[in-house]
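Each chain, written out:
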2 protein chains.
Amino acid sequence: MQNLPFGIFSTQKLRDRRAGVAISDKVLDLKAVSKAGLFTGPILSKSAGPGGCFDQGTLNSFASLGQPAWKEARYTVQHLLSATESILRDDHQLQADCLVPQEEAIMHMPVSIGDYTDFYAAKEHASNMGALFRGKENPLCPNWVHLPVAYHGRSSSIIISGTDVRRPRGQVHGGGEGPPTFQPCNVMDFELEMAVIVGPGNADGTPIPVDQAEEHIFGLVLMNDWSARDIQRWEMLPLGPFNSKNFATSISPWIVTLDALEPFRCSAPQQEPEVLPYLRETNRGNYDIPLQVAIQPEGTQQPHTVTRSNLRHLYWTLPQMLAHHTAGGCNLRPGDLIGSGTISCPAEDGKGCLAELTAGGKVPTSIGGKPYRFLQDGDAVTISGLCEKDGLKIGFGNCIGKILPARPGPV
Amino acid sequence: MQNLPFGIFSTQKLRDRRAGVAISDKVLDLKAVSKAGLFTGPILSKSAGPGGCFDQGTLNSFASLGQPAWKEARYTVQHLLSATESILRDDHQLQADCLVPQEEAIMHMPVSIGDYTDFYAAKEHASNMGALFRGKENPLCPNWVHLPVAYHGRSSSIIISGTDVRRPRGQVHGGGEGPPTFQPCNVMDFELEMAVIVGPGNADGTPIPVDQAEEHIFGLVLMNDWSARDIQRWEMLPLGPFNSKNFATSISPWIVTLDALEPFRCSAPQQEPEVLPYLRETNRGNYDIPLQVAIQPEGTQQPHTVTRSNLRHLYWTLPQMLAHHTAGGCNLRPGDLIGSGTISCPAEDGKGCLAELTAGGKVPTSIGGKPYRFLQDGDAVTISGLCEKDGLKIGFGNCIGKILPARPGPV
Ligand SMILES: [Ca+2]
Ligand SMILES: [Ca+2]
Ligand SMILES: [Mg+2]
Ligand SMILES: [Mg+2]
Ligand code: NI
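Residues numbered from 1 in each chain as written. Chains lettered and ligands numbered in written order. Predicted model: local features only at pLDDT ≥ 70, side-chain atom pairs only at ≥ 80, totals over all residues. Heavy atoms only, no water.

- The name an unreviewed UniProt entry assigns to chain A is Fumarylacetoacetase, from the organism Apatococcus lobatus.
- Checking UniProt for chain A, the heading Pathway (unreviewed entry) contains the comment "Amino-acid degradation; L-phenylalanine degradation; acetoacetate and fumarate from L-phenylalanine: step 6/6." (UniProt positions renumbered as here; feature names shortened; annotations may be inferred.)

Shown next as structure tokens:
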């Protein structure tokens, strides 16, 4: 009753995709709720009819309506489901029309993603990766403490949790003088991330002030930015990662709103040196979201947790990312995806990718008693997130993907 | 009658966007042609009716149909307009319905762009920029001759020729120990490029073989990848350009098909060392497309040509770009935009951006008798392209944009 995350689902019977809210082991079908005329608030009574914001294959239109609409939807759903409210409680036909068992729901991409950007906002990750890719002397580039570094990613290959991921082939260079080879990626990695789903956009040329940035955040999902490290190492100079990242990025299906996360607001790391004024926040904060990554190799009986981290460690906050992204005038659109970058924390098991966990493969970790370096064919990777406090639980569910063997192909 | 480029237009009277073909000083309204039942070929008689591929606000659906549909459309249009064909010639009402004077046509984005990628395919440009950004010792990164380097760009801020471009503000660092400042870009540049509009896409996980890549190219447009060099220099390590590029990218409105360009096919630079098999072409070639860039400072009477280059100089061909982009499994979608990178050639006036033309501002060029380094507020930049051979002309029109002063903003 507190979480009420939004997603897009269908079932074997209800073939057309529609909006839903997850409630314990059920999904509330918001198209059916609209059809029954139960969205009676000032915004959704207009926007949620047939063909309206819950009767579409994506949540972009609902995301674009902004906080007042999201709060109104939350209020209506909480009211409908409250023990004292009789409309749904006493109408078994209506219950049957509106509530679908979660195991029957087939989840789809919650939004159509116009643009996908990935930040690099955890200091621990940037330092660890910098040391691996460029050496230990200067792990952080000089700009890192002054701006949230980011790159544009590929939106066509963003996939919903549960979709298998084909190991990419690509150019790899062993070092030295010889030519590169074209081969299946041999250093497959996950990246533990969370991502913002953008709500209302901004007009071209009109930056989002950092203190207003949360109004542009519809909610958060879990994200796995699959990374082919051997391909990345060879291709990334001077314009950044390309084929090492663009073959797949997985997100979890349920969008958790900032309203739901409000009880888990927490402080963010202090920034030193002080940032420029356009990045200075009146109420700087993060969210306390414990995150885990588990790997289950093919043929094993259960997933093995390899990482425990937390969104709270981000050096650059979500509002700072949006403010910086738009500072030069770039427009965001509803449904855009903005990744946090790999969320590593200082703990030994708090590293958000295998490159960090194994020091670039030099110090294997262990799974099922065997040394483990990088993802093998058949391995399933599950990212999960769950906030807990005083009996209140806000879960993000899972973001899961299994590695398929590379296709046969040219050399 | 040979060019027949496709675009999306409206007029004061015909408010809803529709597909058109440019023919000398007219635009043939393909929605009206469809409505008159004149697309009688096997594909378009089905796909071009009301609400069909020419009666939409974009050409994505037509692009997705592939070469047979594009050829059929070309054939029908050429047939309709031929002197011996009476349907249009003798029907003045039909002429009035189908032909719009070009000056009445308001041009719009020709496609909805899902993803935008920018390559870096001209050796001259990569060497010049490498020397500026990293020093003259190693201007080309070692990977450059082995793969077509590229980065993902921002699709939300791609704009149609004629749209003004606001000078971005951003972080700039003067060098040395001090902190960066946030200020209007002081080193505004254009980049002379051409771009592929993707036709049929490829399935996730299924690379496009280099010898089949042209089937996935709907056509070409001119492109100006506006670049804020001072912001770029500070932000781009280690993940590539971000705010220095994402505030605006302009494209020309008319998509010229490869069919129209066939007479201008020419050889491409020989590649040494030999490329890997997935990039080896059976019939390697470029197109001989002379390109110009002209700058007209505010208050001056005429544009001043600063650059003369040619697409033929690209070291990496368009098919190699598509083959590499998809080699790891990345899926392209109809309407995707794939930029060539700045097209510089060896000639002194053949450099495709001001950073190259002025050696990073150190050696000014001259406009109207005054030294000129980078773009000033009010300057209009026009990229144009025109192929000519044996009396045949294939024009790309113009890609134009004027620099507006930066918005007032925080420091
Ligand atoms: Ca990442
Ligand atoms: Ca460029
Ligand atoms: Mg990715
Ligand atoms: Mg650009
Ligand atoms: Ni009530």
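1. Observations regarding the sheet that holds strand 4 (residues 99–101) of chain A
Residue and element names in this part refer to chain A.
- The strand order 4-3-2-1-5 describes an open sheet built from five strands, whose pairing is antiparallel. Sheet topology places strand 4 and strand 5 (106–108) at the edges, where each strand pairs with a single neighbour. Direction aside, the axes of adjacent strands within the sheet are offset by 50 degrees on average.
- Both strand 1 (residues 6–10) and strand 2 (residues 18–23) contribute to a ladder of four bridges, which runs antiparallel. The residue of strand 2 that forms the bridge with G7 is G20. (Pairing = 2+ DSSP bridges. Helix = DSSP H or I, 4+ residues; strand = E, 2+ residues; numbered from the N terminus. Axes fitted to C-alpha atoms, helices over the stretch in contact; angles between N-to-C directions.)

2. So, the UniProt feature "binding site: substrate" (unreviewed entry) in chain A
- UniProt annotation of "binding site: substrate" (unreviewed entry) refers to Y120(A), R134(A), Q232(A) and T342(A) when read in the numbering used here.
- Take R134(A): it is sitting in helix 7 (residues 123–134).
- Setting aside its immediate chain neighbours within four residues, R134(A) contacts M129(A), P139(A), C141(A) and P238(B).
- Along the chain, the position of T342(A) falls in the loop between strand 21 (337–339) and helix 11 (354–357).
- Residue T342(A) is classed as buried on the basis of its relative accessible area, which comes to 1%.
- For T342(A), the contacting residues outside a window of four places in its chain are A122(A), H125(A), E191(A), L192(A), E193(A), G352(A), C353(A) and E356(A).
- In this structure the side chain of T342(A) is engaged in a polar contact, spanning 3.3 Å, whose partner is the side chain of H125(A). (Contact = heavy atoms within 4.5 Å. Buried < 20%, exposed > 50% of the residue type's maximum accessible area, 1.4 Å probe, protein only. Polar contact = N/O pair within 3.5 Å; in protein donor to acceptor, adjacent residues only side chain to side chain.)

3. A word on the relation of the copies chain A and chain B
- Once chain A is rotated about the relating axis by 180 degrees and shifted along it by 0.0 Å, it coincides with chain B to within an RMSD of 0.0 Å. Taken together, the rotation and translation relating the two chain copies correspond to the operation of a two-fold axis. Relative to the rotation axis, the closest C-alpha in chain A is found at G240(A), a distance of 2.2 Å.
- When the interface residues of chain A are mapped onto chain B, 100% of them again fall at the interface, so both copies present the same face. (Least-squares fit on C-alpha atoms with pLDDT ≥ 70 in both.)

4. As for the packing of aromatic side chains
Residue and element names in this part refer to chain A.
- Scanning the entire structure with this criterion turns up 22 aromatic pairs over all chains.
- Ring centres of F6 and F62 lie 4.9 Å apart, and the angle between their planes is 55 degrees; on these two criteria the pair is classed as tilted. Of the two residues, F6 sits in strand 1 while F62 sits in helix 3 (residues 60–65), which places them 56 residues apart along the sequence.
- Residue F6 is classed as buried on the basis of its relative accessible area, which comes to 1%.
- Summarising the aromatic geometry, the rings of F62 and F218 are spaced 5.6 Å apart at their centres and angled 90 degrees between planes, so their arrangement reads as edge-to-face. Here the residue F62 occupies a position in helix 3, and F218 occupies one in strand 14 (residues 217–224), the gap between them amounting to 156 residues.
- Its relative accessible area of 0% is what places F62 among the buried residues. (Phe/Tyr/Trp six-rings, centres within 6.5 Å; stacked < 30°, edge-to-face > 60°.)

5. A few points about helix 7 (residues 123–134) of chain B
All names here are of chain B.
- Counted at 1.5 Å a residue, the expected span for helix 7 with its twelve residues is 16 Å, and the 16 Å between its end C-alpha atoms agrees.
- For helix 7, the complete set of buried residues consists of H125, A126, M129 and G130. One face of helix 7 carries all of its buried residues, which in axial projection span an arc of 125 degrees.
- Elements that come into contact with the buried residues of helix 7 comprise helix 8 (229–235) and helix 11 (354–357). (Expected span 1.5 Å × (residues − 1). Arc of directions from axis to C-beta.)

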